[in-house]
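Remarks on the overall topology
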Amino acid sequence: MTAAVPDVDPESVAEPDEVPRHVIRRGLRVLWRFVKLNPLPFSIAIVGAIIYAGASVLGTLVLGRVTDKVLTPSFNSTGVSHATTWNWVALIMIVAFMRGIGTITRRYFAGKTTWLGQAWLRRSIADHFLAVPLEFHRSVSTGQLLAHADADVLAATEVVNPLPFSTGLLVLIIFSVIALVAVDPILALVGVVLFPTMALLNRYYTRRVERPAAAVQAHVGDVSGIAHESFDGALAVKSLGLEDHEITRLSVAADALRLERIEVGRLRAFFEPALDALPNLGIIAILAVGSWRISEGVISPGDVVQAMALFTLLAFPMRVVGFLLEEMPRAVVSTERLDRLLAAPHADAPADHATPPATPADVVARDVHFSYPIGDPVLAGIDLTIAPGEIVALVGPTGCGKSTLCELLVGLDAPDQGTIRVHGLVPDRLQREARRDLLALVFQESFVFADTVRENVLVGTDHGDDRLEAALRVAQAERFVSHLPEGLDTMLGERGVTLSGGQRQRLALARAIARRPQFLVLDDATSAVDPRVEARILNALRGELRMTTLVVAHRRSTVELSDRIVRMDQGRIVANGTHAELLATDPEYVAMLSAYDSVAPSADDDEVAVDSVPRVGST
Amino acid sequence: MNRKNDAALDALAETAHDSAFDELVDRSHAHRSAPTPDADAETDGEDRAETRPSGGLAVLRKGVAVMPEIREGIRVSLAFAGAVAAGKLLIPVAIQQVLDRGVLHRGGFRATFVITACALSAVGVLVLMVLSRITYLRLVRAAEGALFSLRVRVFEHIHRLSVAEQNETKRGILVSRVTSDIETLARFVNWGAISWVVNTALVTGTLIVMAIYSWQLTLITIVAFLPVIPILRFLQRRQLVAYDKVRVRTGDMLGEFSETITGAAAVRAYGLENRARDRLHHRIQDLYLAHREAGRYFALMFPVGDMFGSLALAAVVAVSAFSGVQLGLDLGTVIAFAFLMNLLLFPIAEISEIIDQTQTAIAGWRKVLDVLDIPIDVADDPKGSSLPAGPLAICADHVDFSYRTGGPVLIDVSIEIAAGTNVAIVGETGSGKTTFASLLCRLADPTGGSIAVGGTDLRAVSGPSRRSAIRLIPQDGFLFDTTIRENVRVGRLDATDRDIEHAFVQLGLDDWLARMPHGLDTQVGERGDGLSVGERQLIALARAHIAHPGLLILDEATSAVDPETERALTTALLRVAAAATTVSIAHRLSTAEAADVVVVFDAGRIVEHGTHDELVALGGVYASLHQSWVGATRSQT
């Protein structure tokens, strides 16, 4: 038994609260992984980004030259030829076109790299979920597993998208500094002072806002948690008159959220206008210094225009450069979390290639022990033999190990100690197909696929409708299915028809029966089915199909229909015999039966209404 | 498994269908057309289509009425927009002034002018920076204040609605009204709304400054820019559709993941791993393709705007070169123009982008505000009388009830129950027995007739008195995610720890409590999921008992309760029953057998009532029900 409890803190899913160390180096490793995965689109994106950067700097250069070669001469008496003007105008458009192509290429292919990376991660996660031992699914909540496929994947890959842009930006800054130096080293000095100041301010802002921004998310979670719980328990709130209590509870959380948002707003209000003002101050500095340099005759007005245009150009991207750094901790946390998830060991590959015989199975369990990674032993030495075709009822208090035994018997888990043989074969070592033909387990919580009735029953097999109908008949599901709007083709689940608990259970039962397993285990699989319907099911199983059956029972009627009863307590089998024998010899059994008596069948199942009490004018 | 399912549903709740709730609103206010069938994409499309300009204005008007803080916010944000726009416009003007009047002046370079102009501009930039900081902060404060009060008001209103109006689906939608809908609004206020005012001010300001410099060049700029608006709008609409598809497919993919995870045991048990893998990979690929499609529009959007910006620049350069002197322009003006055009491009792209966001936000706002319009049909009478202490008599007089949607549930129900009686109500699912019980604790009012408890019409009883004197224990006793102690305390908020312990002793539950891992301090988990249904009912019983109610209504759990808890429950119930009238919705034969009076509901009417023995002898509905019970549980003995 491989312990597969992942090292995941449920509180921290997709929240950057554990900012890791060496984040840049580890972040780059994360990036490299996705780049390596799809080198071609990534390279194209980088090329696009460089084209964009080059064309942008070229654009300011053109603007500067246009000032000197076209505009200045046309305003002093020199004049300018039409041809020159048209050439420069054409050049403006050509550069703009290049910039556009660069941007389109970069955006599309950077996105493509990201989405391909996401799809790849999600496929890995999907395959992983299907390969880990079932134990893993029981130890982690659905919400958390979904968060892996959703938020973690997004956070891990979201750094890939801005990478080409940032690369382009780096190129842009280098080109700009070169261009500035080429224009005038003194003007370049303004840039050398200003660019790092902006970058630092930006970085500082990002850091400062990180904590309150995470706190805002936490408060949003609090508020929606309270709203969820409060409306879920609306009945309790109302009948206990807790409205004011609940309103206070929400107000407190909502107010905390409000204050934290204002805190974020305060930081934003400080930094945003400052970040807006800095390039403007730079332009004014360029204007002042440039005017003086023009008067000295060192540079032309066009040079000053070009330098100012470069500043405008850089103002916005400088804001974005912080984004990559900002996202990096989140990406590192998420990627490493996914790595830990994907590192969880897979279930052992089945090794036994035997094909089981198509006759009712004999089942033998010898000294079976089992415990979950955390907690006391669940099974402490189970010895059980079931003869071919026998129907055995398994009874005992909640938590005595009945369900665990059922799962071991069909090979969903392997015992820690002891052996289980079905038809002489080890269930958990069987190939998937062989196990499917030999064994079937029906759970109390019956699972209905969001698919048609037919697909729900025949799922994963290639049987025809005759087998389907026979299974529905045995499971006593024929009648309600025929009343569904589209019969066998009715869609069930989230976007289709909702079935009652009893109907769901009978459908799940039909799914098992359609496979004609040689050993059928019903783990309280008929709890929501009317007892008389259940009796018909058991009789049909015994008569038509004659399969070896183990049924976990909570009702007198069920045990009475069984050939033999096995009573468990605290992981052990404490009594074994026919109903009559146990009635005579086991006082605990008698006490248990009388407790069963006091519990009437649930009214969840439609067959009760259809079959028993005649009713008119149902609503 | 159950818990896993719930968590999955929560995760998918974001994509919940809204039409059920909308229907509810529709029925109370016939101002909207019938909802279309619910599909995620359609619901959103519907939202957008519905946001006619007049509708948007109406929502705005209503929103301002509900949240007066907005009025203040709007004034502040206009000031803010002015400051930001002025800060940006300052630069091109400074460039023009310095170039034309300081550098290229006929009199040569004027150092003093250049220094003064640059210093003034720098001071101006700094002053406007401080100004926009102050106004932005005020704006955030006003907006957050408004959102806070809206959230609390809606939350409060929902709790004042009668429970009869709520069901599972509607509840999820109500939750999203106070969470995600308001969050969307908050995001919009913090970004979209500010963007609107700032960008509008910037575009207007830029055009004005441009026109002052040269109306001819302004005209050329506008003409060159005009085509960008329809093109951007077109691309944005396509992009929006494409992103809708991404959203839907993300939902599909997560749904498939969720099915695979919640059905993990079934997948293993039936060897369906390959099928599950194929389906998952398929969904993942579909999502990738949708992303790629949306990515095309995203990639095109900005460059297209940029191209038109350059076109405008080229046009201005050409015109200035050919006839700048005739038009009375000078170099500084043309260069200022080039920088001004830069200021136009970004706001235009952004405004057209936020138009759709605005529509979505307004639609969300409308939904939130609509909640406040659902009438509170069970209003407490503030001057209501108090119920006496001790067991309470019940008198139902020709009670009718029907839900807003659907036919009658109770028809002409009349019955008198003496104080202290132990009543069992039996009947098929849908016979009206649960509805009758909820009328007894006034979760809803009868649509006809009246119910008196303790001799007073329920509608004339004050809320606090009613809630402490009449207690309901629902089938799935809902618990808050805290300790057993705090869950009992909500039954009477001023109860001391001693009172709580005492309640368990009185009910004979001290033994049961001792078996809990941390006694009264045991955490019960979300919704009480850490405990069994029976255990939840025990705590709910203690919670009810601590207020010493005169009438206790118990909806028995239908699912199997393990025998030990069952025994504890029976004992505790007997002790509560000694001091109160009890009404049990019975699912257990033993409960009906032990009751003083059995009341049989069928199709919304009381068809029989009397003692168990009388009714069995009568040979009617109860006798047949009893027969099937006996047959089921004591067959073949």
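To start, this report covers the structure provided alongside it. Since the model is a prediction, treat every value here as computed from it, not as a measurement.

1. Describing the overall build of chain A
Scanning chain A for helices and strands turns up 21 helices and 9 strands. Classification of the 619 residues of chain A by burial places 57% in the buried group. Of the contacts made within chain A by residues no fewer than 6 positions apart, 78% connect residues no fewer than 24 positions apart. Working note: accessible area of chain A is about 23,900 Å², and carbon and sulfur atoms make up 58% of it.

2. Observations concerning helix H7 (residues 185-232) of chain A
The terminal C-alpha atoms of H7(A) lie 68 Å apart, and with 48 residues this matches the ideal 70 Å at 1.5 Å per residue to within 8%. Along its length, H7(A) shows its largest kink, about 35 degrees, at Glu210(A), and proline Pro212(A) lies within four residues downstream of that point.

3. Re the pairing of strand E3 (residues 391-395) of chain A
Residue and element names in this part refer to chain A. For E3, the tally of buried residues reaches 5 of 5 residues, placing the bulk of the element in the interior. Here E3 shows a buried face lined by Ile391, Ala393 and Val395 and a second buried face lined by Val392 and Leu394. With 4 bridges connecting them, E3 and strand E7 (residues 548-552) associate as parallel partners. Within E7, the position partnered with Leu394 by the bridge is Val552. Bridge count for E3 against strand E8 (residues 564-569) is 4 bridges, and the pairing is parallel. If you follow Leu394 over to E8, its bridge partner there is Val566.

4. Regarding the interface of chain A and chain B
Accessible area lost during the coming together of the parts is what is often quoted as the interface size. Counting from both sides, the interface comprises 146 residues of chain A and, opposite them, 155 residues of chain B. Three residues stand out in chain A for area buried against chain B, namely Phe75(A), Leu130(A) and Phe231(A), and they jointly supply 6% of the buried area on that side. Here chain A and chain B share 9 salt bridges between them. Taken together, the connections running from chain A to chain B amount to 18 residue pairs in polar contact (both at pLDDT 80 or more). Considering every element that reaches the side of chain A that touches chain B, the biggest residue donor is helix H9 (residues 243-296) of chain A, with 33 residues. Partitioning the side of chain A that touches chain B into residue classes produces 79 nonpolar, 32 polar and 35 charged.

5. A few points about the nonpolar core
Phe519(A), Leu541(A) and Phe257(B) are the most contacted members of the largest nonpolar core, which has 222 residues in total. Tallying contributions element by element places helix H12 (residues 273-323) of chain B first for this core, with 18 residues. Discounting residues that sit within four places of it in the chain, Leu541(A) has contacts with Val474(A), Ile513(A), Leu520(A), Leu522(A), Arg546(A) and Met547(A). Grouped together as the second largest cluster of nonpolar side chains are 43 residues, Ile247(A), Met67(B), Leu185(B) and Val371(B) included.

Conventions used here
- Residues numbered from 1 in each chain as written.
- Chains lettered and ligands numbered in written order.
- Predicted model: local features only at pLDDT ≥ 70, side-chain atom pairs only at ≥ 80, totals over all residues.
- Heavy atoms only, no water.
- Helix = DSSP H or I, 4+ residues; strand = E, 2+ residues; numbered from the N terminus.
- Buried < 20%, exposed > 50% of the residue type's maximum accessible area, 1.4 Å probe, protein only.
- Contact = heavy atoms within 4.5 Å.
- Areas by Shrake-Rupley, 256 points an atom, 1.4 Å probe, with all protein chains shown as cover.
- Expected span 1.5 Å × (residues − 1).
- Bend = angle between axes of the 7 residues up to and from the residue.
- Pairing = 2+ DSSP bridges.
- Buried area = accessible area lost by both parts, 1.4 Å probe.
- Salt bridge = Lys/Arg side-chain N within 4 Å of Asp/Glu carboxyl O.
- Polar contact = N/O pair within 3.5 Å; in protein donor to acceptor, adjacent residues only side chain to side chain.
- Nonpolar A, V, L, I, M, F, W, Y, C, P; charged D, E, K, R; others polar.
- Core = buried A, V, L, I, M, F, W, Y, C linked by side-chain atoms within 4.5 Å.

Read these as spatial facts, not as claims about activity.
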